[in-house]
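If you want the building blocks of each chain, they are given just below.
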Amino acid sequence: MIKRSRSEESGYRRPIPTNCVLWEYPWWATGRGKRAVLAALEPEWEARFEPNSYGFRPGRSAHDAIKAIHGAISQKPKWALDADISKCFDQIDRPALLAKLKTSPRLRRCIKGWLEAGVMDGEELFPTTAGTPQGGVISPLLANIALHGLETVISEKFPRRRGWNPPKVVRYADDFVILHEERAVIEQSREIVTEWLKGMGLELKESKTRITHTLETTEGEAGFEFLGFKIRQYPAGRYNSDRNGHKQPVGCVTRIEPSPKAVKRHTEKLRETVKRHRAEKAAKVIEALNPQIAGWSNYYKYVCHHAVFHKLGTVLFAMLYAWAKRRHPRKSKGWIVRKYWRVSSGWRFQSLRSGVQLRRHGETHYQCYVKVAGARSPYDGDWLYWSTRLGYHPKVPPRVASLLKRQQGKCRECSLRFREGDVWEVDHLIPRQRGGTSGLHNLQLLHRHCHDIKTAREIERFERRV
């Protein structure tokens, strides 16, 4: 069953599936049936999908897309086509999508039935002629299948030649970027993409599609925004510039940071939270703010964020001071600060009774993100790679997978990477005979021979003490 939802921006209604399942429905119409079809189709299509497609795919995220863009522009400034597909989920041509699936007749009939189920608005049923239900279990996979081939058609139109590279396509769901050194190539790519999308009943959204340069100011400001990040290059001297493959300076530095729109949305959300809890105690305010601060900070910890996080800390301090001043209008500023703030590696907003402290944006430090390699997929059978990357894999014990991720796939004794076929063992940092536990904090993963060397060294050290 599908209900109808109205978009706040454009006013049109889009189908969104509900969780209501009636007992007389066949198995394929339930959520379990959709998950079963997803489990059947996803491994097949994960082996086909293009390497620079990152949206709604297992083992891939928005940070992989941003890292791919950084790798494409860091060695030379480029022109960019920042594009968005208009109403992608709602306008996909169903016959073209079903023909592109090339699956068994039974699965095809199931998917066709879901697509043609219609929209329920109250007790009235409205038929739908195009698109996929947004929010369904299988809808992201169907959208990726519909857009599969975009990168291939660009590479076929602009084949690689000696001394000339084809345009770089980076796609996340219905948002994509095309990068190249020549503006003429970008303009041709836009025409090719527009014509290719017509085959799936789609078109570019002109209000969100533009051609820009990562370094030079041409139409508007330089750079572009993608997935909540501001991507831009700035002129730099010899010692601060990025380097090309020959270690030569390219004359500019690439800077990726949270976009102004993302910062404004986060600030407004914090302000609404503080306003909604203006009559609550400090512990309730901290309990509401901490998850928002932690989630937003962790999303942007892989890019240049120091200045933005510092500014957000200042703004949040002003919000909380106004909140405290409203609670104690007749108290002085010093009294309010002494009551709600503690000096511990900087000023911290804290509940006096419970002692719980507010998390600060600046507590989240920068981390270097490692992009997923090529066209790899969790279904490719490389359990060592995916256990190290994700921290879990169905073929690996959870404890071993967690240790692989924490140790970044390296043995702590010899600092060499684990390889498939190596024999490893789980070692206790503090032996259980001496009071050590089996918690993850007291475990490490070692090669078997490294484990033997470590154990012999500890026994010799213990005998010397005795």
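As a reminder, the structure under discussion sits directly above these lines.
Parameters and conventions
- Residues numbered from 1 in each chain as written.
- Predicted model: local features only at pLDDT ≥ 70, side-chain atom pairs only at ≥ 80, totals over all residues.
- Heavy atoms only, no water.
- Helix = DSSP H or I, 4+ residues; strand = E, 2+ residues; numbered from the N terminus.
- Buried < 20%, exposed > 50% of the residue type's maximum accessible area, 1.4 Å probe, protein only.
- Areas by Shrake-Rupley, 256 points an atom, 1.4 Å probe, with all protein chains shown as cover.
- Axes fitted to C-alpha atoms, helices over the stretch in contact; angles between N-to-C directions.
- Parallel < 35°, antiparallel > 145°, perpendicular 65-115°, else oblique.
- Contact = heavy atoms within 4.5 Å.
- Nonpolar A, V, L, I, M, F, W, Y, C, P; charged D, E, K, R; others polar.
- Arc of directions from axis to C-beta.
- Pairing = 2+ DSSP bridges.
- Salt bridge = Lys/Arg side-chain N within 4 Å of Asp/Glu carboxyl O.

Participant: Can you walk me through the overall build of the chain in this structure?
Facilitator: Looking only at helices and strands, the chain features 15 helices and 15 strands. Seen through its principal axes, the chain has C-alpha atoms that stretch 80 × 70 × 65 Å. Counting the 466 residues in the chain, one finds 44% classified as buried. Total accessible area computed for the chain in this model is approximately 26100 Å², and 51% of it derives from carbon and sulfur atoms.

Participant: How should I be thinking about unusual backbone geometry in this particular structure?
Facilitator: If a residue is not glycine, its phi is most likely negative; likewise, a peptide bond is most likely trans. Phi is positive for Ala 173, which is not a glycine, with a value near 60 degrees. In this structure, Ala 173 sits in the loop between β6 (168-172) and β7 (175-180). On the basis of relative accessibility, which here comes to 10%, the residue Ala 173 falls in the buried class.

Participant: Quick question: what am I supposed to make of the packing of helix α4 (residues 94-101) against helix α6 (residues 139-147) here?
Facilitator: Packed helices, taken two at a time, are described by the angle their axes make and the gap between the axes. In the contact formed by α4 and α6, the axes pass within 10 Å of each other and the chain directions differ by 85 degrees. Regarding the angle of α4 to α6, the classification is roughly perpendicular. Counted together, Leu 97, Lys 100 and Leu 101 of α4 and Leu 142, Ile 145, Ala 146 and Leu 147 of α6 form the full contact between these two elements. Class assignment for the residues of the contact of α4 with α6 results in 6 nonpolar, no polar and 1 charged.

Participant: Any chance you could explain helix α7 (residues 150-157) here in plain terms?
Facilitator: Within an α-helix, residues lying three or four positions from one another point in the same direction, as the helix has 3.6 residues per turn. Along α7, the residues that are buried comprise Leu 150, Glu 151, Val 153 and Ile 154. The buried residues of α7 all sit within an arc of 165 degrees when viewed along its axis, so they share a single face. Those residues of α7 hidden inside the fold are in contact with α6, β6, β7 and α8 (183-198).

Participant: Help me understand the sheet that holds strand β9 (residues 224-226) in this model?
Facilitator: Within a sheet, adjacent strands bond to each other through the backbone by hydrogen bonds, running parallel or antiparallel. Strand order in the open sheet formed by 3 strands is β9-β10-β11, and the pairing between neighbours is antiparallel. Each edge of the open sheet carries a strand with a single partner, namely β9 and β11 (252-258). Neighbour to neighbour, the strand axes of the sheet diverge by 30 degrees on average, direction disregarded. Across 3 bridges, the pairing between β9 and strand β10 (residues 229-235) is antiparallel. Bridging from a neighbouring strand, Glu 225 pairs with Lys 230 of β10.

Participant: Quick question: what am I supposed to make of the pairing of β11 here?
Facilitator: On a regular strand, one side chain projects to one face of the sheet and the next to the other, so that they alternate. For β11, the buried fraction is high: 5 of the 7 residues fall into the buried class. As paired elements, β10 and β11 share 7 bridges and run antiparallel to each other. Looking across to β11, one finds that Ile 231 is bridged to Ile 256.

Participant: Got a minute to help me understand helix α14 (residues 398-406) in this structure?
Facilitator: Within the span of α14, buried status applies to Val 400, Ala 401, Leu 403 and Leu 404. Summarising the axial view, the buried residues of α14 lie within an arc of 165 degrees, below the 170-degree limit, and thus occupy one face. Tucked inside the fold, the buried residues of α14 contact α13 (383-390), β14 (424-428) and β15 (443-447). Phi for Gln 408, located one or two positions after α14, is positive at around 55 degrees.

Participant: I'm lost on the pattern of salt bridges in this one. Help?
Facilitator: Close approach of charged atoms lets side chains of opposite charge pair. Counted according to the given criterion, the structure contains 19 salt bridges. A salt bridge links Asp 64 to Arg 389, with the shortest nitrogen-to-oxygen separation between them at 2.8 Å. Placement of the pair is Asp 64 in helix α2 (residues 62-73) and Arg 389 in helix α13, with a sequence separation of 325 residues. Residues Asp 64 and Arg 389 agree in their burial class; the two are buried. One salt bridge in this structure joins Lys 230 and Glu 221, with 3.1 Å as the shortest N-O distance. Connected via shared salt-bridge partners are Arg 348, Arg 360 and Glu 363.

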